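Chain residues, written in single-letter form:
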Amino acid sequence: MGLQPLEFSDCYLDSPWFRERVRAHEAELEKTNKFIKELLKDGKNLIAATKNLSAAQRKFAHSLRDFKFEFIGDAETDDERYIDASLHEFSNFLKNLEEQREILALSVTETLIKPLERFRKEQLGAVKEEKKKFDKETEKNYSLLEKHLTLSAKKKELQLQEADSQVEQNRKHFYELSLEYVCKLQEIQERKKFECVEPVLSFFQGLFTFYHQGYELAKDFNHYKTTLQINIQNTRNRFEGTRSEVEELMNKIRRNPQEHKRANHFTMEGYLYVQEKRPAPFGSSWVKHYCMYRKETKKFSMIPFEHRSGGKVGDAELFVLTYCTKRNTDTIDRRFCFDLEASDRPGVPVTMQAFSEEDRKLWMEALDGKEALLINLNRANAKQEGSINDQGLYRVVGVSSKVQRLLSLLMDSKTCNEIDLENSVDWEVKTITSAMKQYLRSLPEPLMTYELHGEFILPAKSGSPESRVSAVHFLVHKLPEKNKEMLEILVKHLANVSKHAKRNLMTVANLGVVFGPTLMRPQEETVAAIMDLKFQNIVVEILIENHEKIFKTLPDATFPEPISMSVSPPNAPPRQSRRQGQRIKRPLAVYNLCLELEDADSHSSPREDTPTGSMDSLSSQSPTPAFSSSPPGLLDGNHLIMDSGDLAGWTTNLPAQSRPSMVSWMNIPSANPAATNAALPTFFFPNPASGTDRAVESVAHRKARAVYPCEAEHSSELSFQIGAIFEDVQFSREPGWLEGTLNGKRGLIPQNYVQFL
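Residues numbered from 1 in each chain as written. Predicted model: local features only at pLDDT ≥ 70, side-chain atom pairs only at ≥ 80, totals over all residues. Heavy atoms only, no water.

As annotated in an unreviewed UniProt entry, the chain is Rho GTPase-activating protein 10 from Cyanistes caeruleus.

As structure tokens, this is what we get:
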């Protein structure tokens, strides 16, 4: 039910019900007034936001316009030039769009703000004034009436007639004012409908015009966009074509840098440390210089350069070389040194230090250097390398009796201070490392506590690498303070050990295998606890790889968000993240084209040369399937041989790059490979190191069954449930992913979510 109409005849009765209807009309107009007031406020905020957006868009356009790509070489292809010019085209597009937006902002003021303000001020304001008059006249009328009625009847007739006349005139004036007020109320109730909506309609018309202009600009830009996508795809295809050649050249240079030295007019060049002598109390200092030598002219030039100070270049120095002599360690307390003498400074040799013995030999050969007279021929020329480079550090076990003896001495307060582990020759490195592991394992409670064991295991089972690190970071700071301090010291040391993995072969993954059961163990030994051993290793790997962040910074105040189980259930293997792979995001318009190009190349397995003991670990979830070593009895050509049961389930669920390093710890006998191969099932995996594609060919065009459910995160991926059968399964160029067909749709499948049939 709407507002009841105000009848003019009711103005003369002025009944309570008439007054009730008047108040209803007044309340409706007050509500309208508040609505218009809020609408004006929001409209002005909209204009301000539009102007801010326009300013930000223009700034973005200027940034695009002012940037220019630099190219490698002395010329660009047409596609590259088109790509270079694209930023300027994008800038012009945004500039034109913002011009239309400015027109929209101006039209909002003229078509919406000003008309509503005028209606509120002129119409609603006039009604308020009329209401004040009406209320004032009401008060006056009824006051006069009450006063008139109190007149005594004994007054003279003339006085009574004058009083009656005055009351009647006042009543007529009140009725006239009441009629005008009622008319104004009803008029404004009808007027507000079009006075309010018409400006809003004009605003939307301007908005539609802006969007239409944007559509027209986009339509004009469409041809350029299509051409640019083709240019980008052509450039990407050229990059893919040349990348393998560049990597091959890089690997050749890596294997033998000296054979691929660039030809220039210098016989030898590189960095040397030059001894700068100072007055007696201050000794001498060694400053790094970039040195260049021309054998034909015997000119030697050097420029001081320090990388750590932002690449500051000093003043160059040039002299003519007279002779070069090798310095031995019995004459100077530094290795790899030799002396040079300049023609303008006879008798004042300059001592220089190379980076290595091989580097010194190259400089000596280029400078026609001579051997100095040896004072002591029996003295060694090099010191023994530190024990941190010992192969299998912490993996090689010491003699049990020696380990127990060392532990007994260290745990005894009377003898612990007498043991010098750094300089003593009585204790082998493997004895010391085994004693430390034994001590940690024999603690009444593991270093990472029984209480937090399950909480540490949980993030290792699922979730993204970032969420795992955040969860472990949070839990480490829940440890008792002494436990945390001890854990920090140990993990910092293990991180240092992993940095020398090229020599000691102790990668982060290998250290995780060794120290997972050492730092963590469940309070109760069960089959489920045994199955969680691999996740203990992952937690240790996370600690090693992120020790700086975990121990040097505080975690978030709140516990990390629960790890999503929508894609990877608790027993599912961690899904390979394509964000961490080598795929570059492509424009959506050409993505299917790129997928078709990849389908054509899906039979070629990616090749990577990874040194023994890959630096990758379970915690990093790197998707690159690189086999770096082949334990005896485990690899037969391109086929990975594994025992059935738990061993196969454990290793096949690991990321591809982690399998060789993990399997190598199992010590499976290889005395009779033929018998082993006959007894064990064969699992096919690509072996890039073999230089063949047999493993890939053995998988191509096969069927596979889903063993875990998966929800697609991209239009190029497939969603499926457990038991789904995939047709025509092939290895994708996307590391860690397969390509297959399900229900007529072809897309990407996580490699570790399926089993081949």
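Participant: What should I look at first to understand a positive patch on the surface in this one?
Facilitator: A grouping of Lys34, Lys37, Lys41 and Lys128 is seen on the molecular surface, where their side chains present a positively charged patch. The leading source of residues in the positive patch is helix α2 (residues 16-66), at three residues. The topology assignment puts Lys34 in helix α2. (Patch = residues over 30% accessible without salt bridge, like charges linked within 9 Å, V, L, I, M, F, W, Y side chains within 5 Å. Areas by Shrake-Rupley, 256 points an atom, 1.4 Å probe, with all protein chains shown as cover. Salt bridge = Lys/Arg side-chain N within 4 Å of Asp/Glu carboxyl O. Lys, Arg positive; Asp, Glu negative; His and termini not counted. Charge placed at Lys NZ, Arg CZ, Asp CG, Glu CD. Helix = DSSP H or I, 4+ residues; strand = E, 2+ residues; numbered from the N terminus.)

Participant: I'm lost on the pairing of strand β13 (residues 737-742) in this one. Help?
Facilitator: Consecutive side chains of a regular strand alternate in pointing toward one face of the sheet and then the other. Burial analysis of β13 places six of its six residues in the buried class, the great majority of the element. Taking every second residue as pointing to the same face, both faces of β13 are buried, with Trp737, Glu739 and Thr741 on one and Leu738, Gly740 and Leu742 on the other. Sheet topology places β13 next to strand β14 (residues 745-750); six bridges connect them, and they run antiparallel. Looking across to β14, one finds that Gly740 is bridged to Gly747. In this structure, the hairpin formed by β13 and β14 is closed by a connection of two residues, where Asn743 is found at a positive phi of approximately 55°. (Buried < 20%, exposed > 50% of the residue type's maximum accessible area, 1.4 Å probe, protein only. Pairing = 2+ DSSP bridges.)

Participant: Explain helix α3 (residues 78-149) here, please?
Facilitator: Because the α-helix completes a turn every 3.6 residues, residues three or four places apart line up on one side. Along its 72 residues, α3 runs 104 Å from first to last C-alpha, staying within 8% of the 106 Å computed at 1.5 Å per residue. Along α3, the helix axis deviates most sharply at Ser86, where the bend reaches about 30°. (Expected span 1.5 Å × (residues − 1). Bend = angle between axes of the 7 residues up to and from the residue.)

Participant: Please explain the sheet that holds β14 as it appears in this structure.
Facilitator: The strands making up a sheet associate through backbone hydrogen bonding, with each pair oriented either parallel or antiparallel. Strand order in this open sheet of five strands is β14-β13-β12-β11-β15, and the pairing throughout is antiparallel. Looking at which strands have only one partner, the edges of the open sheet turn out to be β14 and β15 (754-756). Between one strand axis and the next, the sheet turns by 40° as a mean value, whatever way the strands run. Across three bridges, strand β11 (residues 702-706) lies against strand β12 (residues 725-731) in antiparallel orientation. Along β12, the bridge assignment pairs Ala704 with Phe726. (Axes fitted to C-alpha atoms, helices over the stretch in contact; angles between N-to-C directions.)

Participant: Honestly, helix α8 (residues 453-461) in this entry has me stumped. Any pointers?
Facilitator: All of the buried residues along α8 are His453, Phe456, Ile457, Pro459 and Ala460. Along the axis of α8, the buried residues cluster in a sector spanning 165°; they form a single face. Where α8 is buried, its residues meet α9 (465-476) and α14 (533-545). Positioned one or two residues after α8, Gly463 has a phi angle of 95°, which is positive. (Arc of directions from axis to C-beta. Contact = heavy atoms within 4.5 Å.)

Participant: Please clarify how the environment of Ile303 should be interpreted in this entry.
Facilitator: Mapping Ile303 onto the fold places it in strand β3 (residues 299-306). Residue Ile303 is classed as partly exposed on the basis of its relative accessible area of 23%. Distance in space between the C-alpha atoms of Ile303 and Ala316 is 4.5 Å, their sequence separation being 13 residues. Setting aside its immediate chain neighbours within four residues, Ile303 contacts Lys288, His289, Tyr290, Met292, Val313, Gly314 and Ala316.

Participant: Help me out: how do you make sense of the environment of Asn96 in this one?
Facilitator: Structurally, Asn96 is set in helix α3. Taking the relative accessible area as the measure of exposure, Asn96 reaches 32% and is therefore partly exposed. Placed 118 residues apart in sequence, Asn96 and Gly214 show a C-alpha to C-alpha distance of 8.9 Å.

Participant: Which parts of the structure should I look at to understand the packing of α3 against helix α4 (residues 157-255)?
Facilitator: Helix packing for two helices is described by the angle between their axes and how far apart those axes are. One can describe the packing of α3 onto α4 by two numbers: an axis separation of 8 Å at closest approach and a directional angle of 170°. Comparing the axis directions of α3 and α4 gives the class roughly antiparallel. Classifying every residue of the contact of α3 with α4 by side-chain character gives 39 nonpolar, 20 polar and 16 charged. (Parallel < 35°, antiparallel > 145°, perpendicular 65-115°, else oblique. Nonpolar A, V, L, I, M, F, W, Y, C, P; charged D, E, K, R; others polar.)

Participant: Sorry if this is basic, but what is going on with the pairing of strand β6 (residues 337-342) here?
Facilitator: Taken across its six residues, β6 has six buried, putting it largely inside the fold. Here β6 shows a buried face lined by Cys337, Asp339 and Glu341 and a second buried face lined by Phe338, Leu340 and Ala342. Pairing analysis gives five bridges linking strand β5 (residues 317-326) to β6, with the strands arranged antiparallel. Within the sheet, the bridge partner assigned to Thr325 lies in β6 and is Asp339. Where β6 meets strand β7 (residues 350-353), four bridges bridge the pair, whose relative direction is antiparallel. Across the sheet, the residue bridging to Phe338 is Met352, located in β7.

Participant: Looking at this structure, I do not really get the pattern of salt bridges. What am I missing?
Facilitator: Two side chains of opposite charge can pair, provided their charged atoms sit close to one another. This model, assessed by the stated rule, comprises 31 salt bridges. Where Arg19 meets Asp14, a salt bridge forms, and the shortest distance between an N and an O atom there is 2.8 Å. The class for Arg19 is buried, based on a relative accessible area of 17%. Of the charged contacts in the structure, one is a salt bridge between Lys219 and Glu216, with a shortest N-O distance of 3.8 Å. Here Lys219 pairs with Glu216, and both are found in helix α4, just three residues apart, close to one helical turn. Salt bridges here are not isolated pairs; linked through shared partners, they connect Glu28, Lys31 and Lys192.

Participant: Before we go on, may I ask you to explain the environment of Glu428 in this structure?
Facilitator: Within the secondary structure, Glu428 is located in the loop between α6 (400-411) and α7 (429-441). By relative accessible area, which is 37% here, Glu428 ends up partly exposed. Between the alpha carbons of Glu428 and Val399 there is a distance of 9.6 Å; along the sequence they are 29 residues apart.

Participant: Looking at this structure, I do not really get the nonpolar core. What am I missing?
Facilitator: In globular proteins that are soluble, nonpolar side chains generally tend to be buried together. In this structure, Met448, Phe456, Leu487, Phe515, Leu519, Leu543 and Ile544 are the most contacted members of the largest nonpolar core, which totals 39 residues. Broken down by secondary-structure element, the contributors of at least two residues to this core are α8, α9, α10 (481-499), α12 (508-519), α14 and α15 (547-552). A total of seven residues in this core trace back to one element, the largest contributor, which is α14. With residues near it in sequence (within four places) discarded, Phe456 still touches Met448, Val472, Leu475, Val476, Leu479, Met520 and Val539. Membership of the second largest hydrophobic core comes to 29 residues, among which are Leu6, Val127, Val182 and Leu217. (Core = buried A, V, L, I, M, F, W, Y, C linked by side-chain atoms within 4.5 Å.)

Participant: Sorry, what's going on with the packing of α7 against α12 here?
Facilitator: Across the interface, α7 lies against α12 with an axial gap of 8 Å and an inter-helix angle of 35°. On the side of α7, the interface is formed by Met436, Lys437, Leu440 and Arg441, while α12 contributes Val514, Phe515, Thr518 and Leu519. The class makeup of the residues in the contact of α7 with α12 is five nonpolar, one polar and two charged.

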